[in-house]
Amino acid sequence: MSENTSAKTESPHVCPASHAGWLASSLRRLMHHPEAMLRGLVREGDTAVDLGCGPGFFTLPLARLVGRDGRVIAVDLQEEMLGMMRRRAERAGLASRIISHRCEAATIGLTTPADFALAFYMVHETPDIAAFLAELHGILKPGGKLLLVEPRFHVDKADFKRTLELAAGAGFRFIAAPRIWLSLAALFARD
């Protein structure tokens, strides 16, 4: 399924599709085990959004967690990444649970209300973090959760603190700081 397939502009700071092999590698799975990380944040029947989904490293585990009655909206700037994710979802028998959505650099462009959103290693790539978080707040249902994770090797603690302040300014309530290897992470709820 595809919600939006029109041509979009890509940000120059986005991880290129040529690096997709690393993004879905078994080594990465050892470092960032998706099911363990997401268990308890997503329930059967939920609608989850995987922002900057790449080749679907988190998308497929999310699709398993939301079950047959749930949906995952896989969002990426790059059609090549979305294509890789769709092929992996087909092979895993999960394609019917996943909607692919090609966004623009300046806007997510979703209207479907969601219960959960994952922004893993991508917020620093957005051209306007405050606008991104405000739009994301509007997508999440009241009580919806956002797991925001940034790489320590690209984002320092001061920049991450500013991102947390922007999230609070957008209306998110900080819940916890999960420990994720090589990462700075925050779990938020939308009030």
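Residues numbered from 1 in each chain as written. Predicted model: local features only at pLDDT ≥ 70, side-chain atom pairs only at ≥ 80, totals over all residues. Heavy atoms only, no water.

The next subject is the packing of aromatic side chains. All chains considered together, the criterion is met by 6 aromatic pairs. For the pair Tyr121 and Phe153, a centre-to-centre distance of 5.8 Å together with 80° between the ring planes defines the contact as edge-to-face. Taken together, the residues span a long stretch of sequence, with Tyr121 in the loop between β5 (114-120) and α6 (129-139) and Phe153 in the loop between β6 (140-151) and α7 (157-169) at a distance of 32 residues. Take Tyr121: its relative accessible area is 16%, and that puts it in the buried class. (Phe/Tyr/Trp six-rings, centres within 6.5 Å; stacked < 30°, edge-to-face > 60°. Helix = DSSP H or I, 4+ residues; strand = E, 2+ residues; numbered from the N terminus. Buried < 20%, exposed > 50% of the residue type's maximum accessible area, 1.4 Å probe, protein only.)

The pairing of strand β7 (residues 172-176) with strand β8 (residues 183-190) spans 4 bridges and is antiparallel. The partner of Phe172 across the bridge, within β8, is Arg190. (Pairing = 2+ DSSP bridges.)

Residues Phe132, Leu133, Leu136, His137 and Ile139 constitute the buried set of α6. Down the axis of α6, the sector holding all buried residues measures 155°, keeping them to one side. By the N-cap criterion, in which a side-chain oxygen at the helix start approaches the backbone nitrogen of a residue two or three places on, α6 is capped by Asp128, the distance to Ala130 being 3.3 Å. (Arc of directions from axis to C-beta. Polar contact = N/O pair within 3.5 Å; in protein donor to acceptor, adjacent residues only side chain to side chain.)

What follows is about the state of the cysteines. All chains considered together, the criterion is met by 0 disulfides. Distance from the sulfur of Cys53, which forms no disulfide, to the nearest cysteine sulfur (Cys103) is 8.8 Å. (Disulfide = S-S within 2.5 Å.)

Let us now look at the confidence of the model for the protein. Within the protein, residue pLDDT values average 89, and 83% of them lie at 70 or more. Predicted confidence is poor over residues 1-12, with pLDDT under 50, and the contacts of this stretch with residues over four places away or in other chains come to 31 contacts. (pLDDT = per-residue confidence, 0-100. Contact = heavy atoms within 4.5 Å.)

In this section: the pattern of salt bridges. One pass over the structure, following the stated rule, counts 6 salt bridges. Here Arg162 makes a salt bridge to Asp159, at a shortest N to O gap of 2.1 Å. Here Arg162 pairs with Asp159, and both are found in helix α7, just 3 residues apart, close to one helical turn. For Arg162, a relative accessible area of 45% translates into the label partly exposed. (Salt bridge = Lys/Arg side-chain N within 4 Å of Asp/Glu carboxyl O.)

Considering the arrangement of structural elements, one finds Thr163 in helix α7. By relative accessible area, Thr163 is classed as buried at 5%. Beyond its immediate sequence surroundings of up to four residues, Thr163 is in contact with Val123, Ile129, Leu133 and Leu148.

Among the surface-exposed residues, Phe153, Trp181 and Leu182 lie close enough to one another that they form a single nonpolar patch of about 350 Å² accessible area. Along the polypeptide, Trp181 turns up in the loop between β7 and β8. (Patch = residues over 30% accessible without salt bridge, like charges linked within 9 Å, V, L, I, M, F, W, Y side chains within 5 Å. Areas by Shrake-Rupley, 256 points an atom, 1.4 Å probe, with all protein chains shown as cover.)

Let us look at unusual backbone geometry. The phi angle at Tyr121 is positive, at roughly 55°, despite the residue not being glycine. Positive phi outside glycine occurs at Leu182, with the angle close to 60°. You can see Leu182 is positioned in the loop between β7 and β8.

What follows deals with the side chain of Glu150. When you line up the elements, Glu150 lands in strand β6. A polar contact of 3.4 Å, which involves the side chain of Glu150, links it to the backbone nitrogen of Met122. Residues within four places of Glu150 in sequence aside, it is in contact with Tyr121, Met122, Val123, His124, Val155, Phe160, Leu182, Ser183 and Leu184.

It is worth spelling out the packing of α6 against α7 at this point. Angle between the axes and distance between the axes are the two parameters that describe a pair of packed helices. In contact at an axis separation of 9 Å, α6 and α7 are set at 40° when each is read in the N-to-C sense. Classified by the angle between their axes, α6 and α7 sit oblique to one another. The interaxial crossing formed by α6 with α7 has right-handed handedness. Here Ile129, Ala130 and Leu133 of α6 lie close against α7, whose contacting residues are Thr163, Leu166 and Ala167. Of the residues belonging to the contact of α6 with α7, the class tally is 5 nonpolar, 1 polar and no charged. (Axes fitted to C-alpha atoms, helices over the stretch in contact; angles between N-to-C directions. Parallel < 35°, antiparallel > 145°, perpendicular 65-115°, else oblique. Left-handed = near helix turned anticlockwise from the far one by under 90°. Nonpolar A, V, L, I, M, F, W, Y, C, P; charged D, E, K, R; others polar.)

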